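What follows is the residue order along each chain.
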Amino acid sequence: MPAALSLCQHFSHLSYFPHALEILLHHVLDDEVDNVSRDSKIDDPSQKHDPLLPSVISFLQTSLPARVYLDIVVQCTRKTELRSWRTLFNYLPPPRDLFEQALRLDSLKTAVGYLLVLQAFEDDDGHEAPIEDYVVRLLVLASQKGEWELCAELARFLIALDGSGEMLRRAIDRTGLRNGGLPGAGLNGSGTSMKGLGLAITPSWSSLSAASSISPRQSISRQGSNTSRTPDRMDSVDEVS
């Protein structure tokens, strides 16, 4: 570990260094998933592997600023198969804790990245309300900062969760963007566009595509999943990171 920390300090000034560490985490995670699968078929405990993944996670957490560490974790997560998430989060705090930490650090784009993970790890029953709460909090913070592209991503995320648009309507009401946040909202009963969102307060929901760069997937069981589907990429979030 000391040698790795020294090497990290030597190259930390390079702009692409965080991406290199993301690739490191990705490869170690893939190996860990394969090793766990092989170990499940071995009866002799002495023949089972010693996991490297927790050491790599500890190294990243120790050597990097918290903002960079949280972003590397979420970027690695979104580029791996859904079945690998359970293995990764066996050695990490709950996704909710990482989301909250990103908010405390004012890393809104990173927090948005954790929405897919939060949605996947929620129980099937009643998962919509907590996810909606997370999105509302992000909408409030993003609108206060004038990050309207991020608001649009969050709006499309809610549309993907609920094609009827009801979740988005509730979220707009809860954030106060319908009236207080919009000059002239509601005049003559007409819909007023939210700055930068490209959405109307009284929109035709069918005109909005459910496809989004942060489109949610079916949640996975807390007992684990063997699905090989890969979660949707959040390319537009990366572009503004």
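Position numbers for residues start from 1 in each chain and track the written sequence from start to end. Residue-level local features of this predicted model are given only where pLDDT is at least 70; pairs of side-chain atoms are given and counted only at 80 or more, and the full residue set underlies all totals for whole chains, interfaces and linings. Side-chain figures throughout are based on the complete set of non-hydrogen atoms in the structure, without hydrogens or water.

The chain has the name dna, SC038 in an unreviewed UniProt entry, where Aspergillus oryzae is given as its organism. UniProt positions are given in the numbering used here, feature names are shortened, and annotations may be inferred rather than shown by experiment. Under the Subcellular location (unreviewed entry) heading, UniProt states for the chain: "Membrane".

The description of two packed helices rests on the angle between their axes and on the distance between the axes. Between N-to-C directions, angles span 0 to 180 degrees; the directions come from axes that are lines fitted to C-alpha atoms, helices contributing only their stretch in contact. Numbered from the N terminus, helices here are DSSP runs of H or I no shorter than four residues, and strands are runs of E no shorter than two. Two elements in contact, helix 2 (residues 17–39) and helix 3 (residues 53–63), have axes separated by 9 Å at closest approach and are oriented at 160°. Considered as vectors, helix 2 and helix 3 are oriented roughly antiparallel to each other. Handedness of the crossing formed by helix 2 with helix 3: left-handed. Taken together, the residues of helix 3 that come into contact with helix 2 (itself represented by Leu21, Leu24, Leu25, Val28, Leu29 and Glu32) are Leu53, Val56, Ile57, Phe59 and Leu60. Throughout this entry, Asp, Glu, Lys and Arg are counted as charged residues, while Ala, Val, Leu, Ile, Met, Phe, Trp, Tyr, Cys and Pro are counted as nonpolar. The remaining residues, Gly among them, count as polar. Tallied by class, the residues present in the contact of helix 2 with helix 3 amount to ten nonpolar, no polar and one charged. Orientation categories follow fixed angle ranges, with anything under 35 degrees roughly parallel, anything over 145 roughly antiparallel, 65 to 115 roughly perpendicular, and all other angles oblique. Helix crossings get a hand from a simple test, with the near helix turned counterclockwise from the far one by less than a right angle marking a left-handed crossing and a clockwise turn marking a right-handed one. A contact between two residues is defined here by any heavy atoms of the two lying within 4.5 Å.

As used in this record, nonpolar core signifies buried Ala, Val, Leu, Ile, Met, Phe, Trp, Tyr and Cys residues forming a set joined through side-chain atoms within 4.5 Å. The cut-offs for exposure are 20% and 50% of the maximum accessible area for each residue type, with area from a 1.4 Å probe on protein chains only; residues under the lower value are buried, those over the upper are exposed, and the others partly exposed. Residues Leu25, Leu60, Phe99, Leu115 and Leu138 are the most contacted members of the largest nonpolar core, which totals 59 residues. With ten residues, the top contributor of residues to this core is helix 7 (residues 108–121). For the domains described, the bounds stem from an automatic or database domain assignment. Structurally, this core is a two-domain feature, drawing no fewer than three residues from each of domain 1 (1–92) and domain 2 (95–178).

Right, let's talk about the environment of Arg170 for a bit. Considering the arrangement of structural elements, one finds Arg170 in helix 10 (residues 166–175). Exposure remark for Arg170: the relative accessible area of 32% places this residue in the partly exposed category. Taking the C-alpha atoms as reference points, Arg170 and Val136, 34 residues apart in sequence, are found 9.1 Å from one another.

With respect to the helices, strands and loops of the structure, Ser84 is situated in helix 5 (residues 82–89). Overall, the relative accessible area of 3% leaves Ser84 in the buried class. In this view, Ser84 contacts Leu29 and Val33; residues no more than four positions away in its chain are not counted.

Every helix has an expected span of 1.5 Å times one less than the residues it contains. Between the first and last C-alpha of helix 2 there are 33 Å, a value that for 23 residues agrees with the 33 Å anticipated at 1.5 Å per step. Of all the residues in helix 2, the buried ones are Phe17, Leu21, Glu22, Leu25, Val28, Leu29, Glu32, Val33, Asn35 and Asp39.

What follows is about the confidence of the model for the chain. Within the chain, residue pLDDT values average 76, and 69% of them lie at 70 or more. Below a pLDDT of 50 lies the segment residues 182–196, which in the model reaches 24 contacts outside its immediate sequence neighbourhood of four places, other chains included. Confidence of the predictor at the level of single residues is captured by pLDDT, which takes values from 0 to 100. Contacts from residues 200–212, a stretch scored under 50 in pLDDT, to residues over four places away or in other chains number 26 contacts.

Pairing between side chains of opposite charge can happen when the charged atoms of each approach one another. Whenever a carboxyl oxygen of Asp or Glu lies within 4 Å of a side-chain nitrogen of Lys or Arg, that contact is scored as a salt bridge. Applying the stated criterion across every chain yields a total of ten salt bridges. Ionic pairing is found between Lys145 and Asp106, a salt bridge with its closest N-O pair at 2.8 Å. Here Lys145 is found in the loop between helix 8 (128–144) and helix 9 (148–161), whereas its partner Asp106 is found in the loop between helix 6 (95–104) and helix 7, with 39 residues between them in sequence. Glu153 is paired through a salt bridge with Arg156; the nearest N and O atoms lie 2.5 Å apart. With Glu153 and Arg156 both in helix 9 and three residues apart, this pair spans about one turn of that helix. Here the residues in one salt-bridge network are Glu132, Asp133, Arg170 and Arg174, joined through shared partners.

This part takes up helix 10. Turning to helix 10, its buried residues are Met167, Leu168, Ala171, Ile172 and Thr175. Seen from one end, helix 10 has its buried residues packed into an arc of 135°, which puts them on one side. Just beyond helix 10, the residue with positive phi is Gly176, at close to 80°. Throughout, the arc means that of the directions going from the helix axis to the C-beta atoms.

In this section: the environment of Ser143. Turning to its location among the elements, Ser143 is positioned in helix 8. For the pair Ser143 and Leu177, spaced 34 residues apart in sequence, the C-alpha to C-alpha distance is 8.5 Å. Side-chain atoms alone can form a polar contact between residues adjacent in sequence; in general such a contact is a pair of N or O atoms within 3.5 Å, and within protein one must be able to donate a hydrogen while the other accepts it. Polar side-chain contacts of Ser143 include one of 2.9 Å to the backbone oxygen of Val140.

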